[in-house]
Amino acid sequence: MPDAINQSDRIAKQLPPALAEFIKEAGRVAASQGQNLYLVGGVVRDLLLGRANLDLDLVVEGDAIELAQRLLQGKPGKITRHPHFKTARLQWDNMSIDLTTARSETYARSGALPTIGPGTMKDDLFRRDFTINAMAISLRPNRYGELIDLYGGRSDIEHGLIRILHEKSFIDDATRIWRAVRYEQRLDFLIERNTLRLLKRDVDMLDTISADRLRYELECVLHEEYPEKALRRAGELGVLQKLHPGLKGDEWLARKFEEARASAASYNLYLALLCYRFNANEIEDIVSRLRFPKPQAQVLRNVASVKSKLPALQEPELLSSAVYRLLHGYSHTAIIAASVASDSSIIRERLLLFLNTLRYVRPALTGDDLMEMGVPAGPRMKEILQRLHEARLDHKVRSKEEEADLVRRWLGSKK
Ligand code: CTP
């Protein structure tokens, strides 16, 4: 990389002018208080890589909350303070910046969150996961743009390597195992040899991580542009199986994720496909292992239910009303997942017929209309509405008038 040290041109080129101006000004304000301010972490990595990243993290050797207040003075923004962590989030227009007090971290035991203490920028960089994420750029006016690279992050970026900073890194925080896989696959890098050896040695440390933190790592993977790449690698390394021994990051999954992207990929859809080959018991197992919140738990349970309906959906000559009866009540995502996962064209066709058309079909006559026609409220009305709905679904009636004729016929034949 020719522009070895000073990154001010990259900042000017890659960040939106308002953000670039803001951080420059922030550096000036901090300096006027005798404090050093730095751009750190992912944004520095991405500046060097020429990748877009608007998630800015600033670290100050001083009080982050006080500085945040000063920076927003007279501006129409919002500050969210976290006094315990000495951090503040600044938001204005559509921009957001995290401001943290430089800190050191120690780990009382594997899997626990770290104990935080005051620290210098150097301590703050040393507490980080990988060399490529452990660089900073000074925002101090007389050193603006200067790259601080204490662990060889820039060289690892050049060589495409994910490298931890010390031998105990994965023991301190095993979520870094997932992070290593994620960055490696996102950036088309390689996990460096010794780091890979330690990752394999420490893979069981993932058992010390809470369900919520593991679920968060899975969420991050599923939010990647090509999640199947990280899942495949995690499968090869035995990392995926730590979430659930039955999960597979294989060819089938890669193909289905790709297909999902062609329609409407989302976190829930990827999750549904990842667990698609599970039976109902395995679904319950992963829901409780990872403590999925209700919406995801429901999608996963619905996947198992929809799957159980697929043989019936394959019957020839199935009426639309029968398709409706089989599928209504299940989440949209679970049905899409089944349509992406299924290799039968008739099943796909019927699932999509339900999603695109049948689920919107309603009779034109309402309960009030039926009452005017002499149908009493109660079970009889319910039954008539249901039969009308089915007649509509099966194109036996096509207008309000035809529905009314049909109801009159039913009423007549009952009398
Ligand atoms: N970090 C760390 N160890 C972790 C989590 C985070 O060292 N377990 C540090 C890294 O320096 C990282 C920074 O905190 O760069 C911010 O974390 P995060 O927002 O998760 O990552 P980003 O680098 O911003 O990456 P991404 O592009 O995935 O958001």
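Residues numbered from 1 in each chain as written. Predicted model: local features only at pLDDT ≥ 70, side-chain atom pairs only at ≥ 80, totals over all residues. Heavy atoms only, no water.

**Here we look at the overall build of the protein chain**
Line of reasoning, step 1. Scanning the protein chain from N- to C-terminus turns up 21 helices and 11 strands.
Line of reasoning, step 2. In terms of overall dimensions, the protein chain is more spread out than a globule: its C-alpha atoms have a radius of gyration of 29 Å, far above the 22 Å expected for 415 residues.
Line of reasoning, step 3. With the C-alpha coordinates of the protein chain rotated into their principal frame, the extents come out at 95 × 55 × 40 Å.
Line of reasoning, step 4. For the protein chain, buried positions account for 51% of its 415 residues.
Line of reasoning, step 5. By element, 50% of the accessible surface of the protein chain is carried by carbon and sulfur atoms, the whole surface being about 20,100 Å².
Line of reasoning, step 6. The averaged location of the 57 negative side-chain charges in the protein chain is 3 Å from the averaged location of its 63 positive side-chain charges. (Helix = DSSP H or I, 4+ residues; strand = E, 2+ residues; numbered from the N terminus. Rg over C-alpha atoms; globule rule 2.2 N^0.38 Å. Buried < 20%, exposed > 50% of the residue type's maximum accessible area, 1.4 Å probe, protein only. Areas by Shrake-Rupley, 256 points an atom, 1.4 Å probe, with all protein chains shown as cover. Lys, Arg positive; Asp, Glu negative; His and termini not counted. Charge placed at Lys NZ, Arg CZ, Asp CG, Glu CD.)

**Side note on the side chain of threonine 131**
Line of reasoning, step 1. Along the chain, threonine 131 falls in the loop between α5 (121-126) and β8 (136-138).
Line of reasoning, step 2. For threonine 131, the residues in contact, after removing those within four places along its chain, are Tyr151, Gly152, Gly153, Asp156, Arg163, Ile164 and Leu165. (Contact = heavy atoms within 4.5 Å.)

**Details of the sheet that holds β8**
Line of reasoning, step 1. The strand order across the open sheet formed by seven strands is β3-β4-β5-β2-β1-β8-β9, and the pairing between neighbours is mixed. Of all strands in the sheet, those with a lone pairing partner are β3 (78-82) and β9 (147-148), marking the two edges.
Line of reasoning, step 2. The pairing of strand β4 (residues 87-92) with strand β5 (residues 95-101) spans six bridges and is classified as antiparallel. Among the inter-strand pairings, glutamine 91 is bridged to a residue of β5, identified as serine 96.
Line of reasoning, step 3. Contacting β1 (36-40), β2 (56-61), β4 and β5, helix α2 (residues 17-32) runs over the sheet at an angle of about 25° to β5. (Pairing = 2+ DSSP bridges. Axes fitted to C-alpha atoms, helices over the stretch in contact; angles between N-to-C directions.)

**Side note on the site of the ligand**
Line of reasoning, step 1. In the vicinity of the ligand there are 14 residues, among which Arg45, Asp129, Asp173, Arg179 and Arg186 approach most closely.
Line of reasoning, step 2. Take arginine 128: an N or O atom from its side chain is 2.9 Å from an oxygen atom of the ligand.
Line of reasoning, step 3. Separating a nitrogen atom of the ligand from a side-chain N or O atom of aspartate 173 is a distance of 2.9 Å.
Line of reasoning, step 4. Within the complex, 76% of the 570 Å² of free accessible area of the ligand lies under protein.
Line of reasoning, step 5. More than half of the atoms of the ligand fall within 2 Å of the grid points belonging to the largest pocket.
Line of reasoning, step 6. Going through the elements one at a time, α3 (42-49) and α8 (175-187) are the ones with two or more residues in the shell around the ligand.
Line of reasoning, step 7. Among the elements that take part in the shell around the ligand, α8 stands out by supplying six residues, more than any other.
Line of reasoning, step 8. Partitioned by chemical class, the residues of the shell around the ligand number one nonpolar, four polar and nine charged.
Line of reasoning, step 9. In this structure, the shell around the ligand is formed jointly by two domains, domain 1 (1-159) and domain 2 (160-244), each of which donates at least three residues. (Near = heavy atom within 4 Å. Polar contact = N/O pair within 3.5 Å; in protein donor to acceptor, adjacent residues only side chain to side chain. 1 Å grid on protein atoms, 1.4 Å probe; cavity = no way out; pocket = protein on both sides within 12 Å on 5 of 7 lines; lining within 4 Å. Sits in = over half its atoms within 2 Å of the grid points. Nonpolar A, V, L, I, M, F, W, Y, C, P; charged D, E, K, R; others polar. Domains from an automatic or database assignment.)

**Side note on the domain arrangement of the protein chain**
Line of reasoning, step 1. What the domain assignment reports for the protein chain is domain 1 (1-159), domain 2 (160-244), domain 3 (274-358) and domain 4 (367-414).
Line of reasoning, step 2. Each of domain 3 and domain 4 has a C-alpha centre, and these two points are 30 Å apart.
Line of reasoning, step 3. Between domain 3 and domain 4 the total buried area reaches about 480 Å² when both faces are included, carbon and sulfur atoms providing 57% of it.
Line of reasoning, step 4. For the interface between domain 3 and domain 4, the tally reads one salt bridge.
Line of reasoning, step 5. Residue arginine 325 pairs with glutamate 390 through a salt bridge whose shortest N-O separation is 2.8 Å.
Line of reasoning, step 6. For the pair domain 3 and domain 4, the number of links is three residue pairs in polar contact (both at pLDDT 80 or more).
Line of reasoning, step 7. Of the residues belonging to the side of domain 3 that touches domain 4, the class tally is three nonpolar, two polar and one charged. (Buried area = accessible area lost by both parts, 1.4 Å probe. Salt bridge = Lys/Arg side-chain N within 4 Å of Asp/Glu carboxyl O.)

**Focus on the layout of surface pockets**
Line of reasoning, step 1. Taken as a whole, the largest pocket encloses approximately 1,900 Å³ of empty space.
Line of reasoning, step 2. In terms of lining residues, the largest pocket is bounded by 50 residues, among which Asp57, Arg128, Arg179, Tyr183 and Tyr216 are the most central.
Line of reasoning, step 3. When residues of the lining of the largest pocket are assigned to their parent elements, the largest contribution, seven residues, is made by α8.
Line of reasoning, step 4. For the lining of the largest pocket, the class distribution of residues is 16 nonpolar, 12 polar and 22 charged.
Line of reasoning, step 5. No fewer than three residues from each of domain 1 (1-159) and domain 2 (160-244) sit in the lining of the largest pocket. (Points joined across faces, edges and corners; volume = space filled by probe spheres on them.)

**Regarding empty space enclosed by the protein**
Line of reasoning, step 1. The full count for this structure, using the stated rule, is one cavity of 30 Å³ or more.
Line of reasoning, step 2. There is about 40 Å³ of room inside the largest cavity.
Line of reasoning, step 3. What lines the largest cavity is Gln14, Leu15, Val43, Leu47, Arg51, Ala52 and Asn53.

**Quick look at the pairing of β4**
Line of reasoning, step 1. Two elements, β3 and β4, share five bridges in a ladder whose sense is antiparallel. Across the sheet, residue arginine 81 finds its bridge partner in β4, namely alanine 88.
Line of reasoning, step 2. Hairpin geometry of β3 and β4 is characterised by an intervening segment of four residues between the two adjacent antiparallel strands and by a positive phi of about 55° at lysine 86.
Line of reasoning, step 3. What sits between the antiparallel neighbours β4 and β5 is a turn of two residues, in which aspartate 93 has the positive phi angle 40°.

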